[in-house]
Structure formats: structure tokens, C-alpha cells
Amino acid sequence: MAEAAAPLPQPAAGPRDGPLSRLSDALWRRPRVLLVLLLLPPILWLGVIYLGALFALLAQSFFSIDEFSGVIVREPTLKTYGELLTPANLDIIRRTVLTAALVTAAAAVVAFPIAYFAARYARGRWKAVFYLGIMLPLWSSYLVKVYSWKLILAKEGILTWALDSVGLLWLLEAWLALPGVGGNSLSTSPTGTFLVFLYVWLPFMILPIQASLERVPVSMLEASGDLGARPDQTFRHVILPLAMPGVIAGSIFTFSLTLGDYIIPQIVGTSARFIGLAVYQHQGTAGNIPLAAAFAVVPIVIMGLYLWWAKRQGAFDAL
Amino acid sequence: MTGQPAPLWLKLAAGAGLLFLHVPLLLIFAYAFTTEEQSYQWPPPGLTLRWFEVAWNRPDVWQALSLSLRVAAISTAIALVLGTLCAAAMARFRFFGREAISLLVILPIALPGIITGISLRSAFNLADIPFSFWTIVLGHATFCVVVVYNNAVARFRRTSASLIEASMDLGANGFQTFRHVILPNVATALLAGGMLAFALSFDEVIVTTFTAGQQQTLPIWMLEELVRPRQRPVTNVVAMVVVLVTFLPILAAYYLTRGTDTVAGQGK
């Protein structure tokens, strides 16, 4: 099956001695051998270590745990998946998926103007400012970013102080009094969890949107204007549809990362559990590897469906 | 591109977005100097350099830092070799299963980290492998491959095949061509990819919590401090140093790949 991408001419005749040269010639004549030699180490590493571990985990989700002894019964059963459907566990799944969806929607709204400006209007020095302005937060330490929000959202922190200085503290208190989103302080409320998720994953939404906007040819916008469209009509009917694959590509990241995270809800928010935290606790303190594995299958299935849908929308070209 | 100035609402929204991204990071710098020990009070009641000295004299911080650096160095070295080999094969050959391999490389980063983590942990348990320095490296190298791969494959594609042919025509064998023609061409991309892989490994916490035994990398140390705070001012100082240290490779990677099509940090 293997063949060189470009047909290359035979090497010129010349003095070719030594084992290295002969090996080089042999590989040149048999590109398939070279291909196998190149691919073997990465495939072995990823295939054995990563895929092997992944399948071992999936296999264990079909085992069950003996309720009395706590020993794992190694017989194939769907009992563990049945446990996923208890109201408490369904509640965890519902909460996680809802949060992931809200975070994704909010990230798209906040990211779009940044990406749009960076792609259409930023030139020269501003281009560099926007590039680094997105890259630095993206690559900064995840835990430091979470920590900074603990500082911001604390009752004695900067947000309370800022709202107090402009006389809007009553607004924060009214919000915290709301059931479902409020709490004792922002750092122990679902709103806090949401804000941290939004902050930490936002750059993952900006980059693909920017990439898709940069590929929109200017001539299309000019054509739209020539045909009589006002700027807002051009935006609605030309720019926005062309940016959608980028938005969907970004949503893959924000959705998947929120689904699997177990550290943010642990540090900022209520004690309500998310899928990631449930997986962590079931495999750790509870020692219930089968249930943890079954829980881990939930984000895999959701992401599988999501990726299938995203591929149909052409989002992979925007990655 | 349109030559018209941006509308005001767009400038404001984009500016506000950038501020939203950076204010939290700047705040970390302010808190490193606060005299407040018990709470997260703002504005800081006073400023001091005392906590830098306290943090400097903490052996647990140094041990965690040293472990993180060693893990990141070895994981990056492994990822450089595996990622470059894979990129070379993918850029040069068309073959059956090519799509599957590109999916395999991306998978460790596309699936949530907790799945990679728990898979590796249960595999180590099944195989009776004790947790050690090397189990951490195993996990890190796996997800670092994709970063090197992304940077290398873009550069390989742009390295013209005629350069390689010319080298061969002039009598160089495959290894000489690799050493004198291919390597200088891809070197900066590899350096950029390596630095990003290093940053990724240095910062990783989710997979590490599953693959580390009693050992603490710096992010694990940080996580412990966040969940069970012992000395908040020391955490503030360490957080600031971590931000500074991760900025350097990003800036360096930016300058190395500037002017090329590679988006260095794409697809973290």
C-alpha cells in the first residue's frame, strides 16, 4: 500500500560504501520498510500503552462489584450500567451535561468578538498582541488559573470590593439569594463553578473561530456589499454561517473539557458532584473500579456522538 | 482586511474579552506580595517580600519542582522522538490506515484527561506495576506526542521534496540528508513543539493524580494546597513563579515559529 508521496528520481551513481550508505540505499529502494520503521515506535507506544489501557478500562465496566465483600466479580454483566441509572447518578450526569452546554454557549458568545476582531481588524503589532493575548492564558498553569478565581470570588475578594465601590453590592447579594445558582458566596455557588469553567476553557473556543474567520475571503464580503447587503446583513448571512464550523470545533473542546473535569467543581462551587468527580471517587476511596469505568464511558459516548455530528457539520476543517 | 475601522461595539467587546482573560493572571502577581495570611482580602492590607524568602526555604516546594522538571524533561524527550517519527511518516507517505493513526495520536488529548488517567491507573493495577517516577512519565509522554507531532508535521509538509532530491543527487545518503538537510529545516519546529510539550507536562495535574503514587509534582503540590490550604502566602508566591516560568517557553515558541504557518499552541 505504501508509496512515496512524490516520485523521486534514482540517486546519481557515485562512491557509496560503508554500512550506513548501504542501509540508506536499501531503505530507499523499499520505502515500505522505511514507513514501518518510522511508524513502529509511535504506534507501539500509543497502541499498547494508551489503547491497551483504554480497552482494559472499558472491559472492566462490564464487571461488577460484590456489595458485601467489595470484591470485583470478573464476570461479564450489565449490572454496573444499571447502577448508572439510579436517580442520584442520573442527577450527576444531567448536571454535568447541562453545565457543559451552558459553558459552551457562553464561551461562544464571549469568544466571538475577540476572534472576529483578531481575524478581521487586528494588524501588525495588534495582531501579535491578540495572538499572545490568547496564547498566554491558554498555556498558563491550569491550577494557577483556578486559584486566581478562588481569590477573585472569595467573599473578601476583589469582586465584592469592586461591586461595593460602585454601589452594586445589592446586585450580587440578590443573585446569591437565587435558588439553583446562588449560595453562601460566589466561590461556593454554581455560578462560581460556571465562571471558572468559562474562563479556563475560553481560549480553546477563540482559536478555532479565529481560524475559520481568517479563511473567509474578503471578496465574498465585498460581493455581499455590492449586491446591496447592509453590514449587519453581510454579518448574519455571510460571516456567521462561514464561522459556524469554527464555533462547533471550539465547542468540541469546551464541551469535552467540562465533561471530564473533576478539579474545578472540587475547588470552586457547591459539593454537588460532576461526572469527573464521581469517577475519581468511585475508583479512589470507594474502590469501585467497574462503576468508575461505567461512568467514564458516559463522556466517551457523549463525545463520540458529538464528534460524529460535528464532522457532518464540517467542523474538522476548522481545527 | 476590509480597510474599514472596526465598529465601536466590537472594539469594546474584544477589549473586554482580553481583559477578562488577563486580569485573573495579573491578580496572582499582586497577591504574591500581600501581608495578609489568613484570607484572600482585597485590597492587600500591606506589601512584603517576606513570603519569597519563606517559599525559598521550603524543601517540599523544591522537591516538587525538581520532580516536575525531571518528568517534563524525560517526557518531552520521548515525545520528541515519537512525534517526529510519526510526523515524518505521515508527511511523506500515503497509506492505508493513515486517518486512523492521526486519530490515535490526537485521542489522548481529545478524550477528557480523567479517562486517560483512570485507564492508565487501572492498567497499572491490573499489570501489578507499582507507581513510580516512570509511571508519571508514561502518562505524560503519551499526551505530549500530539504537541510535537502537530508542530513537526506542518513543517515537514512545507519542506520541499526537491531539497531532499537535490541532496541525494549530490551524493548524500539518507542519513546525511537527514542530518544536513532535513534536520536544519525542521529544527525550530521541533524546538517549539518540544517547549510546548514541556510546558504541557510541567502543568499537567489530572492524569498525574492517577499515575503518581506518593510523589508530588508541582501541580500536585499546588492542588493539595488548594484543597487543604496550609500556608496561603507560600501558595501565592509559587503560583506567581509558575506563571512566569510557563510564559517563557510560550514566548520563545512564538518567536521561533513566527512568520511561518505553524500556530504553535494549536490543539493543546
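Residues numbered from 1 in each chain as written. Chains lettered and ligands numbered in written order. Predicted model: local features only at pLDDT ≥ 70, side-chain atom pairs only at ≥ 80, totals over all residues. Heavy atoms only, no water.

## Structural notes on the interface of chain A and chain B
- Each partner contributes to the interface: chain A provides 96 residues, whereas chain B provides 95 residues.
- When the two sides are added together, the surface that chain A and chain B hide from each other amounts to roughly 9,300 Å², 78% of it contributed by carbon and sulfur.
- For the chain A face of the interface with chain B, the top three residues by lost area are Tyr50(A), Trp139(A) and Tyr147(A), together amounting to 10%.
- Where chain A packs against chain B, one counts zero salt bridges.
- With 19 residues, the single largest contributor to the side of chain A that touches chain B is helix H2 (residues 31–60) of chain A. (Contact = heavy atoms within 4.5 Å. Buried area = accessible area lost by both parts, 1.4 Å probe. Salt bridge = Lys/Arg side-chain N within 4 Å of Asp/Glu carboxyl O. Helix = DSSP H or I, 4+ residues; strand = E, 2+ residues; numbered from the N terminus.)

## Structural notes on unusual backbone geometry
- Of note, the phi angle at Asp128(B) is positive, near 55 degrees, even though the residue is not glycine.
- With relative accessibility at 68%, the residue Asp128(B) sits in the exposed group. (Buried < 20%, exposed > 50% of the residue type's maximum accessible area, 1.4 Å probe, protein only.)

## Some thoughts on the pattern of salt bridges
- Scanning the model with the defined rule gives six salt bridges over all chains in all.
- The salt bridge involving Arg95(A) is made with Asp91(A); its shortest N-O contact spans 3.0 Å. Within this pair, Arg95(A) and its partner Asp91(A) are both found in helix H4 (residues 87–120), separated by four residues, close to a single helical turn.
- Taking relative accessible area as the criterion, Arg95(A) reaches 24% and is therefore assigned partly exposed.
- One salt bridge in this structure joins Arg58(B) and Asp60(B), with 3.0 Å as the shortest N-O distance.
- Overall, Arg58(B) belongs to the buried group, its relative accessible area being 14%.
- Sharing partners across several salt bridges, the network here consists of Asp91(A), Arg94(A) and Arg95(A).

## Remarks on empty space enclosed by the protein
- Taken as a whole and assessed by the stated rule, the structure comprises two cavities of 30 Å³ or more.
- In this structure, the largest cavity encloses a volume near 60 Å³.
- Together, Ser141(A), Leu143(A), Phe202(B), Asp203(B), Leu218(B), Pro219(B), Met222(B) and Val242(B) line the largest cavity.
- Each residue belonging to the lining of the largest cavity can be placed in one class, and the counts come to six nonpolar, one polar and one charged. (1 Å grid on protein atoms, 1.4 Å probe; cavity = no way out; pocket = protein on both sides within 12 Å on 5 of 7 lines; lining within 4 Å. Points joined across faces, edges and corners; volume = space filled by probe spheres on them. Nonpolar A, V, L, I, M, F, W, Y, C, P; charged D, E, K, R; others polar.)

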